[in-house]
Structures are given as C-alpha cells and as structure tokens.
Amino acid sequence: DFPLLSYEGLITDGQGNYTEEQYLHLILFCLKEGKLLLTRPEEGLEDILLNGVTSLVVPDYSSSKLSHLIHFYISFPEEIVSLTKSAQIFYKEQHSFEVNSRKLLEIYHNAIQ
C-alpha cells in the first residue's frame with residue numbers, strides 16, 4: 001500500500017553517472033519544473049540545496065528513511081505543493097535565465113570599463 005509510482009521527482013545521492021555540470025542542470029531543472037527533490041547534503045551545492053526551501057536534504061540517507069519521507073509527502077500533497085512552489089520561486093529569483101543574463105551583462109559591463 002505504498003504509492004511510490006505516484007512520486008514524480010528526483011531522489012539522488014549525487015553518485016549517478018553525471019558530470020558535475022549535468023548534475024547541477026538536473027537539480028535546477030527539478031527546481032524550475034516543481035519536482036520534489038530528495039537528496040543528501042552535497043559539498044559545493046549548499047546554496048542551492050536548501051532543506052525545506054528547495055529540497056529535502058537528508059543527512060542520514062537510508063532507503064527506509066526515504067520511503068517514509070516519500071510516503072509522508074504522497075499522503076500530504078499540499079506539503080509537496082508548498083515545497084515545490086518555494087523551490088520554483090527560489091529558482092526564478094536566483095537562477096533563472098533572466099537573472100543570470102542580467103548578472104552576466106553586469107559583469108561584462110564592469111569588465112570593459
């Protein structure tokens with residue numbers, strides 16, 4: 001009676017067959033698309049993997065703990081909506097194309113002056 005097939009998101013320990021760039025892209029894609037992200041702490045990504053804001057960061061990463069978390073969130077979909085909306089807002093304010101292009105233009109203008 002565990003509706004795991006209803007889960008649409010990403011469960012990751014950062015140990016997949018990804019380059020660092022692919023992994024970062026995958027994380028940002030999940031944030032942008034409103035997918036629930038369950039992960040362990042990742043060195044260098046602390047500013048993106050914010051527990052309870054952009055993702056669920058699980059330091060004690062075990063299959064039983066993950067299954068309980070997934071079951072909780074599937075049982076209370078409003079919690080998924082709250083977390084994924086928060087992640088989408090974070091993405092839009094911090095990592096969207098519009099934000100990054102403005103930052104790059106500012107860096108470029110500062111460099112040529």
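Quick notes on the rules
Residues numbered from 1 in each chain as written. Predicted model: local features only at pLDDT ≥ 70, side-chain atom pairs only at ≥ 80, totals over all residues. Heavy atoms only, no water. Helix = DSSP H or I, 4+ residues; strand = E, 2+ residues; numbered from the N terminus. Buried < 20%, exposed > 50% of the residue type's maximum accessible area, 1.4 Å probe, protein only. Contact = heavy atoms within 4.5 Å. Areas by Shrake-Rupley, 256 points an atom, 1.4 Å probe, with all protein chains shown as cover. Expected span 1.5 Å × (residues − 1). Arc of directions from axis to C-beta. Axes fitted to C-alpha atoms, helices over the stretch in contact; angles between N-to-C directions. Parallel < 35°, antiparallel > 145°, perpendicular 65-115°, else oblique. Nonpolar A, V, L, I, M, F, W, Y, C, P; charged D, E, K, R; others polar. pLDDT = per-residue confidence, 0-100. Left-handed = near helix turned anticlockwise from the far one by under 90°. Phe/Tyr/Trp six-rings, centres within 6.5 Å; stacked < 30°, edge-to-face > 60°.

Before going further, it helps to spend a moment on the overall build of the chain. A count of helices and strands for the chain gives four helices and three strands. Listed N to C, the secondary structure of the chain is β-α-β-β-α-α-α in terms of helices and strands. Counting the 113 residues in the chain, one finds 30% classified as buried. In the chain, the proportion of contacts linking residues at least 24 apart, taken out of those at least 6 apart, comes to 54%. Summed over its atoms, the accessible surface of the chain is roughly 7,700 Å², and 55% of this surface lies on carbon and sulfur atoms.

A rise of 1.5 Å per residue sets the reference length of helix α2 (residues 63-75), with its 13 residues, at 18 Å; its end C-alpha atoms lie 18 Å apart and thus fit the reference within 8%. Taken together, the buried positions of α2 are Leu66, Ile70, Tyr73 and Ile74. The buried residues of α2 occupy an angular sector of 100° when the element is viewed end-on, so they sit on one face.

When two helices pack together, you describe them by how their axes are tilted relative to each other and by the distance separating the axes. At a closest axis distance of 5 Å, the pairing of helix α3 (residues 77-94) and helix α4 (residues 97-112) adopts a crossing angle of 25°. Regarding the angle of α3 to α4, the classification is roughly parallel. Counted together, Lys92, Glu93 and Gln94 of α3 and Val99, Asn100 and Lys103 of α4 form the full contact between these two elements. Each residue belonging to the contact of α3 with α4 can be placed in one class, and the counts come to one nonpolar, two polar and three charged.

Further remarks concern the confidence of the model for the chain. Per-residue confidence for the chain gives a mean pLDDT of 83; residues scoring 70 or more make up 86%. Every residue in residues 1-5 is under pLDDT 50, and counting partners more than four places away or in other chains gives eight contacts.

With their axes 7 Å apart at the nearest point, helix α1 (residues 20-33) and α3 run at an angle of 115° to one another. For the pair α1 and α3, the crossing hand works out as left-handed. For the pair α1 and α3, the contacting residues are Leu28, Leu31, Lys32 and Glu33 in the first and Ala87, Gln88, Phe90 and Tyr91 in the second.

Right, let's get into the packing of aromatic side chains. If you walk through the whole model with that rule in mind, you get two aromatic pairs. Where Phe72 meets Tyr73, the ring centres are 5.1 Å apart and the plane angle is 90°; that geometry is what we call edge-to-face. Tyr73 sits in the buried class, given a relative accessible area of 11%. With a centroid separation of 5.0 Å and an interplanar angle of 40°, the aromatic rings of Phe72 and Phe76 are classed as tilted. The class for Phe76 is partly exposed, based on a relative accessible area of 38%. Following the ring pairs from residue to residue traces out a cluster consisting of Phe72, Tyr73 and Phe76.

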